[in-house]
Amino acid sequence: MSATLSTGSAAPGALGSSAVDVRRLVVRYGENPKPTLQEVSFSVPRGSVYALLGRIGAGKSSLVRCLLGQQKPTAGSCALFGEGAWKNRARLMARVGVVPEDPDAPPAMTGRQLAALCSRLYPAWGGGSVFDRLRRFDVPADIAFGSLSKSQKTLVSLALALGSSPDLLILDDPMPGLDAVARAAFFDELVGELADRGTTVLFTSHDLAGVEKMADRVGILKGGKLVLDESLDDLKGRFQRLRYRNEGMEDPASYGQELSAFDAVKVKVRGWGIEAVVSNYGDESFARFRALEGIGDAEASALSLEEIFAAVAGEASPAAHGKK
Amino acid sequence: MRGALAVAAREIAERKLVFFGAFVAGLLPLGLPLVPAFRGDAHGARPMAMLLPAAAIAAAFPIFFGATILVGDIAQKRLGFYFSRPLSAASIWAGKLLGALLISVGCVLLAGAPVFFLEGERALSLATGGLDPRGLAALTLPGVLLLLLFAHVVASLARLRSAWIVLDLLLAAFFVPAIALSLRSLFFAGLRGSFWFLPVALIAILLAASCVQIIDGRTDARRSHGALSVTLWALIAVFTAILGGLAWWRAGGG
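The rules we used
Residues numbered from 1 in each chain as written. Chains lettered and ligands numbered in written order. Predicted model: local features only at pLDDT ≥ 70, side-chain atom pairs only at ≥ 80, totals over all residues. Helix = DSSP H or I, 4+ residues; strand = E, 2+ residues; numbered from the N terminus. Buried ≥ 20, exposed ≤ 12 C-beta atoms within 10 Å, placed from the backbone. Contact = placed C-beta atoms within 7 Å. Pairing = 2+ DSSP bridges. Axes fitted to C-alpha atoms, helices over the stretch in contact; angles between N-to-C directions. Nonpolar A, V, L, I, M, F, W, Y, C, P; charged D, E, K, R; others polar. pLDDT = per-residue confidence, 0-100. Expected span 1.5 Å × (residues − 1). Arc of directions from axis to C-beta.

**Concerning the overall build of chain A**
Check the secondary structure of chain A and you find ten helices and 14 strands. For chain A, buried positions account for 47% of its 324 residues. Put simply, 71% of the contacts in chain A that link residues at least 6 apart link residues at least 24 apart.

And the structure:
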């Protein structure tokens, strides 16, 4: 994890004890000199909810396809429950539920027919639970999949994914197709599933408010590299917004130098003073900072995941270069 | 096997209306005796005309389903649904092709059934130049399979749109004339009665190439095309070499 920021807390499990293990994964398309994924490594401990974030084109879907054994990595490995995803895909899929970015069930089949097909493919299939969920989602079970709205297709995919009571649920950015009501139903169902069964969840999403409610660990892909991989609590603890007045410096061009004790991801000079985002906040270092000569009205506040994501996945920043 | 049958059953159920269409098409020739030109002509054109829908279906359906059922799913990125299930790649491949084959053969039988039952075996024999039902079945099944696989491979090369198409065209330009020349030599060397091996070899090559395509390519269209091309042309190269060697040997080279 050469280019990854990690606090080390909530450390990933050893190989075999994790639901997901990705090791030095490289994905390259054609003769493109820049790989889509570059030496990406991370683990998802069993029972945890891991959110894989990144801007469009960061390589999230390629990574998910490798995890599902649908795409062969150029180098490195992807393992689910300690078994290689490419070689053991068919067996592993009995334990994995998938909600794809673009719901891809045969368009002529109804939800009922899809459930009947799945019941013939999975060793354990809870057909009743699928129809219960479809009823809760208010999605008709007897209308062809191709005739459903994008929201309904995603909800059918979720109902099917949960039908086999999977040990691992992989959600590849399902939110964009969901309206507000469907999104609430989707999260309610996931939260219920997590509370009832402790299913491991790996999901990619751009709905960061939703991610913040569910995830206990976050990874951020940027330019094909995993630049951050740590627990959400640690992440929110060390990324803080500092606001203060600097009365010790006359030249505004010198503003920010007083932040030398921190890794400042972003510094902005405002009319009332200075606003900075730091990626290594600590109570002690902040107390020392407040005591510096010329620093006035200093206060620290937590950032939302969306703000942290924008700071890390946005323009080049110290956090993206592995500085601590 | 269970997975392949489930996939095949799904393909058939999804296209059940096609069977009805084929049966209706098979009923249409029953009106031919009402056409003055065919009235009373039990020995000539009428039996042939009556089997025309079945013959058309035998040619058109394998081409259509071969070109759409599996390739369409890869090209439109819909194969991921099956690959997200506990189904081996071989089951997905076998199930899809079996479904397409059963639809095609089933439709041929349905389209030919009304005429066969009303006109009897004699009409069939007249229309096909002396073939009995068993002979016709022995010809139809591999014929439909060959057309189906050929359509699948050609559609894959054309629809998956990767740079492999350049290699495909170059190798086709080399191997097709080479095979034709070898067959010509064998024909003139008196081996014309043994040409049954040609469709058998072609079916084996196309089956192997399409199977490797799905097992190795999975949902990745570009990789799928690459796996198909490499397997196809490697096997065709071996086949051409054997054919060329045989032709050289029969021509007295050995």
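Having seen the model, we can carry on.
**Regarding the sheet that holds strand β3 (residues 49-54) of chain A**
Residues and elements named next belong to chain A. Strands sit in the order β6-β7-β8-β3-β9-β10 across an open sheet of six strands; the sheet is mixed. In this open sheet, the two strands that pair with only one neighbour each are β6 (96-99) and β10 (225-231). The mean angle between the axes of side-by-side strands here comes to 15°, regardless of whether they run parallel or antiparallel. Direction of pairing for β6 relative to strand β7 (residues 168-172): parallel, over a ladder of four bridges.

**Comments concerning the packing of helix α2 (residues 16-27) of chain B against helix α4 (residues 52-75) of chain B**
All names here are of chain B. The interhelical angle for the contact between α2 and α4, taken along N-to-C directions, is 145°, at an axis separation of 8 Å. Touching Ala22, Ala25 and Gly26 of α2 are Pro53, Ala54 and Ile57, all from α4. In terms of residue class, the contact of α2 with α4 is built from five nonpolar, one polar and no charged.

**Here's the deal with the interface of chain B and chain A**
Residue-level contacts link 17 residues of chain B with 19 residues of chain A. Breaking the side of chain B that touches chain A down by element, the ones donating at least two residues are α1 (2-14) and α5 (80-83) of chain B. Partitioning the side of chain B that touches chain A into residue classes produces five nonpolar, five polar and seven charged.

**Regarding the sheet that holds strand β14 (residues 295-302) of chain A**
Residues and elements named next belong to chain A. Reading across the sheet, the four strands line up as β12-β13-β11-β14 and stay open at both edges, with antiparallel pairing between neighbours. Both edges of this open sheet fall to β12 (264-269) and β14, since each of them pairs with a single strand only. Each neighbouring strand pair of the sheet contributes to a mean axis angle of 15°, computed without reference to strand direction. In terms of strand pairing, strand β11 (residues 240-246) meets β14 through six bridges, oriented antiparallel. Its bridge partner lying in β14, Arg243 is registered against Glu299.

**Section: the environment of B:Thr219**
With respect to the helices and strands, the residue B:Thr219 is situated in the loop between α9 (197-217) and α10 (221-250). With near-sequence residues (within four places) excluded, B:Thr219 lies in contact with A:Gln70, B:Lys77, B:Leu79, B:Gly80 and B:Phe83.

**A word on the confidence of the model for chain B**
Low pLDDT marks stretches whose predicted atomic positions should not be read closely. When pLDDT is averaged along chain B, the result is 88, and 91% of the positions lie at 70 or above. Predicted complex metrics record ipTM = 0.84 and pTM = 0.86.

**Here we look at helix α6 (residues 180-197) of chain A**
All names here are of chain A. End to end, α6 covers 26 Å across 18 residues, agreeing with the expected 26 Å (1.5 Å per residue, within 8%). All of the buried residues along α6 are Ala182, Ala185, Phe186, Leu190 and Glu193. Around the axis of α6, the buried residues are gathered within 130° of arc, so they sit on the same side. Exposed and facing more than 90 degrees away from the buried side of α6 are Ala180, Val181, Ala184, Asp188 and Ala195. Contact partners of the buried residues in α6: α4 (127-137), α5 (150-163), β8 (200-204) and α7 (208-214).

**Points about the confidence of the model for chain A**
All names here are of chain A. Averaged over every residue, the pLDDT of chain A is 86; the share at 70 or more is 90%. Scored below 50 in pLDDT, residues 1-15 makes 34 contacts in the model with residues more than four places away or belonging to other chains. Counting interchain partners and residues more than four positions distant, the pLDDT-below-50 stretch residues 317-324 has 21 contacts.

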